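Coordinates in review
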Amino acid sequence: MKVLIIDTVDPILTDGLRDLGFELEEDYTSSKVEIMAKLPNYQGMVIRSRFPVDKAFIECGTSLKFIARVGAGMENIDIPFAESKNINLIKAPEGNRDAVGEHAIGMLLMLFNNLKRADAEVRNGQWRREANRGLEIQGKTVGIIGYGYMGSAFAEKLQGFGCKVLAYDKYKSGFGNVYVEETSLTDLQEQADIVSLHIPQSEETLGMVGFEFINAFAKPFYLINTARGKSVKTADLVDALKSGKVLGACLDVLEYEKASFEDMFLSPAGGGARRVGVDLPAAFQYLIEAENVILSPHIAGWTIESNQKMAQTIVNKVKALKLI
C-alpha cells in the first residue's frame, strides 16, 4: 500500500509507516492540482495544513483508506464527504496537548509580569521596578472553554498556581476532576478573571467571541486564545481592550491567518492577502502596539517534542487500522 506525504513531518512518522510495510512518496512542492492528478495511486495521505482537503480533492482519492493530519484540528478537511467515502480520518491532539498547555501558561506569565516591556526596557538601559510590578495567578479564577485534549492539558498545567479552575464544554459533561470544576457558560462568565479558549473551528465557533459574548462577563477579564483565530472578532476584542472590559490578551492565533497557518491574510473582508507592514487593519495595528497584548505566530503546539509525539500518534493510529 502506498502513502503520499505532502507536508514535512518528523522521521518518526515516515520510518514508522515504512516499518508497518507502507511504500511512501514525499511530495512537498507539487501544486494541489498536480497532487490531485496522482492521488488515485495512493491508499493513504499525510498532511498538516498545506491546503484544504475539499470535496473535489477527496473525489480524486479513489483508493484512499486514510487521511492523517499531523495536528489537532480538522477544519480544513471535508469530514462528512470523506467519511461518506469510507476514508478513515486521523488526527493527533494527544501529541501537542502538553505543548499548548505550557505555551498558554507562558503567555499568561509574560503578560502578568510585564516581561515583554521589562525586557525591552532593561535592554535599553531602563530599570523601572515599580512600573513593572506584576500580578499573580494565585487566587484568581481561570475559566476554560472547551475541555478536550488542549483544555484539559491547560487545566493540569495550572496545578500548583493556587487558582480556581472552571471549565465549560457544550458537548461534554461529567468531566469534573481534581484539576477542574465543571460549570455552565453562565457561571463561568460570572466568575472568571482569566478565560482560555480551547475550541475547534466550526460554523458554531466562527466569531463566537464578539461584543455580546465579551460583555456577558461579570468582571473585566484576561483572554487567552491558543485555539483558532477566527473564533475571536478582532475588532470587538480591540474595543473591549480599549474600554477595559478585557484587561489583556494572549493571542497565539489570529483572525487574519491563512487556512494553512503559514502566513496571514490581513484583509479579512476579502480584499486579498496583505503581508505584515502593508495596509494593516486598524484592529491589528492596535494589537501589535498594545503593551497588554502578547502575540505569537500559531506556535502553541509547535515544539520539538510535540512534533515527535504527533508523528508517533499517527503511526500508532494507522497501525490500529490494520490495513496491512
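The structure we're discussing is the one just above.
Thresholds, definitions, all that
- Residues numbered from 1 in each chain as written.
- Predicted model: local features only at pLDDT ≥ 70, side-chain atom pairs only at ≥ 80, totals over all residues.
- Heavy atoms only, no water.
- Helix = DSSP H or I, 4+ residues; strand = E, 2+ residues; numbered from the N terminus.
- Rg over C-alpha atoms; globule rule 2.2 N^0.38 Å.
- Buried < 20%, exposed > 50% of the residue type's maximum accessible area, 1.4 Å probe, protein only.
- Contact = heavy atoms within 4.5 Å.
- Areas by Shrake-Rupley, 256 points an atom, 1.4 Å probe, with all protein chains shown as cover.
- Lys, Arg positive; Asp, Glu negative; His and termini not counted.
- Charge placed at Lys NZ, Arg CZ, Asp CG, Glu CD.
- Axes fitted to C-alpha atoms, helices over the stretch in contact; angles between N-to-C directions.
- Parallel < 35°, antiparallel > 145°, perpendicular 65-115°, else oblique.
- Left-handed = near helix turned anticlockwise from the far one by under 90°.
- Nonpolar A, V, L, I, M, F, W, Y, C, P; charged D, E, K, R; others polar.
- Core = buried A, V, L, I, M, F, W, Y, C linked by side-chain atoms within 4.5 Å.
- Pairing = 2+ DSSP bridges.

Bringing the overall build of the protein chain into the picture now. Looking only at helices and strands, one finds twelve helices and twelve strands in the protein chain. In summary, the protein chain has a C-alpha radius of gyration of 21 Å against a globular reference of 20 Å for 324 residues, a match within 12%. Expressed as a percentage of its 324 residues, the buried residues of the protein chain come to 48%. Residue pairs at least 24 apart in sequence account for 60% of intrachain contacts in the protein chain once pairs closer than 6 positions are excluded. Just so you have it, the protein chain exposes about 15,600 Å², and 51% of that area is on carbon and sulfur atoms. Counting 36 positive and 42 negative side-chain charges, the protein chain places the averaged centre of each group 1 Å from the other.

Moving on: the packing of helix H5 (residues 93-112) against helix H12 (residues 304-321). Where H5 contacts H12, the axes come no closer than 7 Å and their chain directions differ by 160 degrees. Here H12 runs roughly antiparallel to H5, going by the angle between their axes. The way H5 lies across H12 gives a crossing that is right-handed. Contacts between H5 and H12 involve Pro93, Glu94, Gly95, Asn96, Asp98 and Ala99 from the first element and Ser306, Lys309, Met310, Thr313 and Lys317 from the second. Residues of the contact of H5 with H12, tallied by class, amount to three nonpolar, four polar and four charged.

Attention now moves to the nonpolar core. If you look at the biggest cluster of nonpolar residues, it comprises 27 residues, and the most contacted ones within it are Val195, Leu223, Leu237, Val246 and Leu287. Elements with a minimum of two residues in this core: strand S9 (194-197), helix H9 (211-215), strand S10 (221-225), helix H10 (234-243), strand S11 (246-251) and helix H11 (282-289). Residues contacting Leu223, with those up to four places away along its chain left out, are Val195, Leu197, Val232, Leu237, Val246, Gly248, Ala249 and Cys250. With 23 residues, the next largest nonpolar core counts Met107, Ala155, Phe175 and Ile224 among its residues.

The strand order S2-S1-S3-S4-S5 describes an open sheet built from five strands, whose pairing is parallel. Each edge of the sheet is formed by a strand with only one pairing partner; in this case those strands are strand S2 (23-26) and strand S5 (88-90). The mean angle between the axes of side-by-side strands here comes to 15 degrees, regardless of whether they run parallel or antiparallel. Pairing of strand S4 (residues 66-69) with S5 involves three bridges; the strand directions are parallel.

In this section: the environment of Pro281. Mapped onto the elements of the fold, Pro281 is located in the loop between S11 and H11. For Pro281, a relative accessible area of 17% puts it in the buried group. Sequence separation between Pro281 and Ile79 is 202 residues, and the spatial gap between their C-alpha atoms is 33 Å.

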